[in-house]
Amino acid sequence: MLGVQVIRTYFIFFAHPQVFCKLRTYVKYPHDFNLVTWLQESDLIAALQAGSEPAFRTLVESFQDRVYNMALVIVQQAEEAEDVTQEVFIEVYQTIDRFRGESRLSTWIYRITTSKALEHHRRRKAKKRFAFITSLFGADNEVLHEPPDFIHPGVSLENSEQMKLLFGAIDKLPATQKVAFTLHYLNQASYQEVAEIMQNTVSAVESLLHRAKQNLRKQLNAYYTELKKP
Amino acid sequence: MNPSDQHEKWESLFEQLKAIEPARPRPFFYTRLHARLQAWQEPSAVLPWWLRKPGYALGALGLLIGLNVSVALSSDWAKDRPAETDQFTYEGFVSEYQLNRQGLYADE
């Protein structure tokens, strides 16, 4: 079975290079055309498992924006988001042999992304706490470096203040609520897709989103009531 | 403001997130990723695979030591050696210099 898939992949990627080049041009327009969906996912997986470099490049170019965007909202730092994105693709490269196709490739990649991004975020918070504690007992009373508030690069200027507060509030949400909210509102995943990525039920996702919105409202209410005052 | 209006207001705020232009990594992302992947793969070219797995390396070392010890204990090497004589006793001294025991005390 695997042999047949490898032959099919060979046919697509190597025997017809003009077809492959044509496919590569579509990668530049991921919003209009999803290459990985169009190209049989099983063929791509077989090519990746066979160690095809063009297949890996195709995969990276198809998913890099969505993976980066998701990582950026969770870690809220551009350099760290790029680091997470690279780690995600390295893990995909290393573990593609173990991918058995029980879920869609995109779902698997997003699952790796959320776990990597949360891991980075947790590590950074722990480091920050440790730095604060050592600064209390240390001889040098250095002021801790606080990163500036996160502003998503896609936010328009007139909305920047409001969005800065909203992203700050998202950052304070518990991990699962944050992931569900980010996937639904920023990556525009449906409840079903969020449930698949989080390996949860749709009703559990609905509950997570409801609690996330309640928490955000609590956090941002003070700001909005302040604005309404004459 | 009634609760449904409030709900609408908040929902419209959250919906604004969907209109945000997606962020993209810096240009030449694949080049940087490729360089990182190569850096990760490089040690494999320098070291054999079994040396990169400490379990295998330690197991091999243990096996080597065990084999050496078992060979040393089981061989006839230890048995074949002549029994060492104690050089610090009178008997040892006599046998070392091949002296006639009687000759030593001939004058007495």
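Starting afresh in each chain, residues are numbered from 1 along the sequence in its written order. Here chains are named by letter from A upward and ligands by number from 1 upward, in the order in which they appear as written. The predicted nature of this model means local features are confined to residues of pLDDT at least 70 and side-chain atom pairs, given and counted, to a pLDDT of 80 or more, with totals for whole chains, interfaces and linings taken over all residues.

Asker: Hey, could you run me through the overall build of chain B in this one?
Answerer: A count of helices and strands for chain B gives 6 helices and 0 strands. Expressed as a percentage of the 108 residues in chain B, the buried residues total 3%. The numbering of helices and of strands both runs from the N terminus, where a helix is a DSSP run of H or I of at least 4 residues and a strand a run of E of at least 2. In this scheme the burial state of a residue depends on its C-beta neighbours within 10 Å: 20 or more other such atoms mean buried, 12 or fewer mean exposed, and anything in between means partly exposed; the C-beta positions come from the backbone.

Asker: Just checking my understanding: could you explain the overall build of chain A for this structure?
Answerer: Scanning chain A from terminus to terminus reveals 11 helices and 0 strands. Each helix and strand of chain A, ordered N terminal to C terminal, gives the series α-α-α-α-α-α-α-α-α-α-α. A buried classification covers 33% of the 230 residues belonging to chain A. Excluding contacts between residues fewer than 6 apart, the proportion of contacts in chain A whose partners are at least 24 apart in sequence is 60%. Placing a C-beta atom from the backbone of each residue, one calls two residues in contact when those atoms lie within 7 Å.

Asker: Can you walk me through the interface of chain A and chain B in this structure?
Answerer: In many reports, interface size means the accessible area that the parts give up when they come together. Chain A puts 24 residues into the contact, and the matching count from chain B is 19 residues. For the side of chain A that touches chain B, the secondary structure elements donating two or more residues are α5 (53-75), α6 (78-95), α9 (175-186) and α11 (202-228) of chain A. Take the side of chain A that touches chain B: its biggest share by element is 8 residues, from α5(A). Taken together, the residues that form the side of chain A that touches chain B break down as 10 nonpolar, 8 polar and 6 charged. For this classification, the nonpolar set comprises Ala, Val, Leu, Ile, Met, Phe, Trp, Tyr, Cys and Pro, the charged set comprises Asp, Glu, Lys and Arg, and every other residue, Gly included, is treated as polar.

Asker: Which parts of the structure should I look at to understand unusual backbone geometry?
Answerer: A negative phi angle characterises most non-glycine residues, just as the trans form characterises most peptide bonds. Even without a glycine there, the phi angle at A:Gln188 is positive, about 55°. As for its position among the elements, A:Gln188 is in the loop between α9 and α10 (191-198). Even without a glycine there, the phi angle at B:Phe28 is positive, about 60°. Its place among the elements puts B:Phe28 in the loop between α1 (3-15) and α2 (29-46).

Asker: Whenever I open this one, the nonpolar core confuses me. Can you help?
Answerer: In globular proteins that are soluble, nonpolar side chains generally tend to be buried together. Residue and element names in this part refer to chain A. Judged by nonpolar contacts, the single largest core of 51 residues is most densely connected at Leu-48, Ala-71, Ile-109, Ala-180 and Val-194. Counting residues per element, the ones that place at least two in this core are α4 (41-49), α5, α6, α7 (105-137), α8 (160-171), α9, α10 and α11. The element best represented in this core is α5, accounting for 13 residues. Here, a nonpolar core denotes buried Ala, Val, Leu, Ile, Met, Phe, Trp, Tyr and Cys residues that are linked to one another through C-beta atoms within 7 Å.

Asker: What's the story with α4(A) in this structure? I'm lost.
Answerer: Residue pairs three or four apart in sequence face the same way in an α-helix, which turns once every 3.6 residues. All of the buried residues in α4(A) are A:Leu44, A:Ile45, A:Ala46, A:Ala47 and A:Leu48. A positive backbone phi angle near 85° is found at A:Gly51, which sits one or two residues after α4(A).

Asker: Which parts of the structure should I look at to understand the environment of A:Ser42?
Answerer: Within the secondary structure, A:Ser42 sits in helix α4. As for A:Ser42 and A:Gly101, which are separated by 59 residues in sequence, their C-alpha atoms are 8.1 Å apart.

Asker: Whenever I open this one, the packing of α4(A) against α5(A) confuses me. Can you help?
Answerer: In a pair of packed helices, the angle between the axes and the distance between the axes together describe the arrangement. Residue and element names in this part refer to chain A. For helices, the axis comes from a line fit to the C-alpha atoms of the stretch in contact; other axes are also lines fit to C-alpha atoms, and the angle between any two N-to-C directions lies between 0 and 180 degrees. Contact geometry for α4 and α5: axes closest at 8 Å, N-to-C directions at 125°. Taken together, α4 and α5 sit at an angle that is classed as oblique. When you trace α4 past α5, the crossing you get is left-handed. Residue-level contacts link Leu-44, Ala-47 and Leu-48 of α4 to Ala-55, Phe-56, Thr-58 and Leu-59 of α5. Its residues assigned to classes, the contact of α4 with α5 shows 6 nonpolar, 1 polar and no charged. Our angle categories are set so that under 35 degrees counts as roughly parallel, over 145 as roughly antiparallel, 65 to 115 as roughly perpendicular, and the remainder as oblique. Here a crossing is taken to be left-handed if its near helix is turned anticlockwise relative to the far helix by less than a right angle, and right-handed if that turn runs clockwise.

Asker: Which parts of the structure should I look at to understand the packing of α9(A) against α10(A)?
Answerer: Residue and element names in this part refer to chain A. In contact at an axis separation of 10 Å, α9 and α10 are set at 140° when each is read in the N-to-C sense. Between α9 and α10, the angle falls in the class oblique. When you trace α9 past α10, the crossing you get is right-handed. For the pair α9 and α10, the contacting residues are Val-179, Ala-180, Leu-183 and His-184 in the first and Val-194, Ile-197 and Met-198 in the second. In the contact of α9 with α10, the residues fall into 6 nonpolar, 1 polar and no charged.

Asker: Any chance you could explain the confidence of the model for chain B here in plain terms?
Answerer: Close inspection of predicted coordinates is inappropriate in any region flagged by low pLDDT. Residues and elements named next belong to chain B. Residues at a pLDDT of 70 or more form 72% of chain B, whose mean pLDDT is 78. Looking over chain B, one finds the lowest element-wise mean pLDDT in helix α6 (residues 101-104), namely 59, and the highest in helix α3 (residues 54-74), namely 88. Prediction confidence for the complex, expressed as pTM and ipTM, is 0.66 and 0.71 respectively. Values of pLDDT, which run from 0 to 100, indicate the predictor's confidence residue by residue.

Asker: What am I meant to see in the confidence of the model for chain A here?
Answerer: Residues and elements named next belong to chain A. Across chain A, pLDDT averages 80, with 72% of residues at or above 70. Low pLDDT, under 50, characterises residues 15-19; the stretch is placed with 3 contacts to residues that sit more than four places away or in other chains. This stretch, residues 25-33, has a pLDDT under 50; its non-local contacts, to residues over four places away or in other chains, come to 9 contacts.

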